[in-house]
Amino acid sequence: CGFAKPQGRGSILMVGRGSQLVPTSRSLILFSACSLLHATSAFQAPPLFSSLLRRCTAPLRSGLRGGVSMSAIYDSHLHVWSDGSPPFPYATGNEPPEDLRKEATVEKLLGEMDKAGVKGCLIVQPINHKFDHSYVSSCLSKYPNRLKGMCLLDPSGSAEDAVSQLERLSKEGYVGVRFNPGLWPEGKRMDDEVGMAAYKRAGELGMVVGFMCFKGLDLHSAAIESLVASHPGTKAVVDHFGFFRQEGEAREGVWDALLALSKYPQVHVKLSAFFRVSGEPYPYQDLWPRVRGLVDAFGSNRLLYGSDFPFVQQQCGYLKSSQALSVVRWGEEDSLLTAQQYEDVTNGTFESLFGPFPA
């Protein structure tokens, strides 16, 4: 084990085997070590020690701060795709990287979720299958108690075509729709006639609109504000911290554009794909002030955790990604998140947006 001391914060205990160190709170490690020792038959704890241990670790044993119990994690952002063989071929020109071709099947995903203790997730339709939703639909129908889906809007046709697509996919169980500005015809914005009609209808269908601004939120913030202001009944979510990191640098203009959206109560933000917006390796300590800033601006009940599987497998891995927000949350003044905020980000906001999973 060892200690890491991020700027402006107390030291964080890192534990694990060899070089595989996981950040956690000192109090949690103390509780775990003492509990293990106390449970060992060879160790006869004095009555005073037993009483003190029970009193000091009561909040930790119940996994709470201020009476909030810890629940399972929901992953709000990931992708699955087939191995490319019929009946689920890739879209021409959108084949996945060769080393991920067979690593993003639903079976691979569920295996990673089980190992990480992730109860359920939202599958975002991947560009590899583009507007052919048949593979994701087959996954949703096979595992409805673990998976929900966000479809991908085709903005290339008429407004009627876009609305029809949403109505059809909503009936297939999709609970959200992704707006990717890169798919709009050249010279068009997301708030054109097609976008406006689809955004309005999504709200009527109870579908959440996700904005994927790969080149930075600021390039599309005007269109997003136009959509959000025009149809306040539609709930929206911004992917990956608004992609505020571009070309290896944190762009404060992008960050400011993201924070400006906090004035709209229906807008949410995914704390997802840490590796895409951090300039550091796991545990991505340079993002901790950003997380705190989003909690302060939006509130934890408008933030969601997401892994960006399978791409995260090429970085810290799915398990570590699921642990990234659990750093020093156990009741210390400089905790990244309180237990209630952690609950919101890892499951509460997910359920409020996309609904609970069937038992």
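Calculation notes
- Residues numbered from 1 in each chain as written.
- Predicted model: local features only at pLDDT ≥ 70, side-chain atom pairs only at ≥ 80, totals over all residues.
- Heavy atoms only, no water.
- pLDDT = per-residue confidence, 0-100.
- Contact = heavy atoms within 4.5 Å.
- Salt bridge = Lys/Arg side-chain N within 4 Å of Asp/Glu carboxyl O.
- Helix = DSSP H or I, 4+ residues; strand = E, 2+ residues; numbered from the N terminus.
- Buried < 20%, exposed > 50% of the residue type's maximum accessible area, 1.4 Å probe, protein only.
- Arc of directions from axis to C-beta.
- Phe/Tyr/Trp six-rings, centres within 6.5 Å; stacked < 30°, edge-to-face > 60°.
- Lys NZ or Arg CZ within 6 Å of the ring centre and 35° of its normal.

## What to know about the confidence of the model for the protein
Consideration 1: The predicted model of the protein has a mean per-residue pLDDT of 85, with 78% of residues at 70 or higher.
Consideration 2: Counting interchain partners and residues more than four positions distant, the pLDDT-below-50 stretch residues 1–43 has 73 contacts.
Consideration 3: Note on residues 48–69: pLDDT under 50 across the span, and 31 contacts to partners over four residues away in sequence or across chains.

## Observations regarding the pattern of salt bridges
Consideration 1: By the definition in use, this model includes 16 salt bridges.
Consideration 2: Its salt-bridge partner being Glu 112, residue Lys 115 comes within 3.2 Å of it at the nearest N-O pair. Placement of the pair is Lys 115 and Glu 112 together in helix α4 (residues 106–116), with a separation of 3 residues, close to one helical turn.
Consideration 3: Under the relative-accessibility criterion, Lys 115 is labelled exposed at 60%.
Consideration 4: By relative accessible area, Glu 112 is classed as buried at 17%.
Consideration 5: For Arg 201, the salt bridge goes to Glu 167, with nearest N and O atoms at 2.9 Å. Note that Arg 201 is positioned in helix α7 (residues 193–205) and Glu 167 in helix α6 (residues 159–171), a separation of 34 residues in sequence.
Consideration 6: Classification of Glu 167 as partly exposed rests on a relative accessible area of 30%.
Consideration 7: Where salt bridges share partners, they join Glu 167, Lys 200, Arg 201 and Glu 204 into one cluster.

## A closer look at helix α11 (residues 288–298)
Consideration 1: All buried positions along α11 are accounted for by Trp 288, Arg 290, Val 291, Leu 294, Val 295 and Phe 298. Down the axis, α11 shows its buried residues gathered within 160 degrees of arc, on one side only. Facing away from the buried side of α11 by more than 90 degrees, the exposed set consists of Pro 289 and Asp 296.
Consideration 2: After α11 finishes, the residue Gly 299 shows a positive phi value of roughly 90 degrees.

## Examining the packing of aromatic side chains
Consideration 1: All told, the structure shown has 17 aromatic pairs when counted by the stated rule.
Consideration 2: Measuring from centroid to centroid gives 6.2 Å for Phe 179 and Tyr 199, while their planes differ by 80 degrees, and the two rings are edge-to-face. Remark: Tyr 199 occurs in helix α7 and Phe 179 occurs in strand β7 (residues 174–179); sequence separation between them is 20 residues. Pair check on accessibility: Phe 179 and Tyr 199 agree, each one buried.
Consideration 3: One aromatic cluster is present, formed by Phe 241, Phe 244, Trp 255, Phe 274, Tyr 282 and Tyr 284 through successive ring pairs.
Consideration 4: Sitting above the plane of the Trp 255 ring, Arg 290 keeps its charged end 4.9 Å from the centroid.

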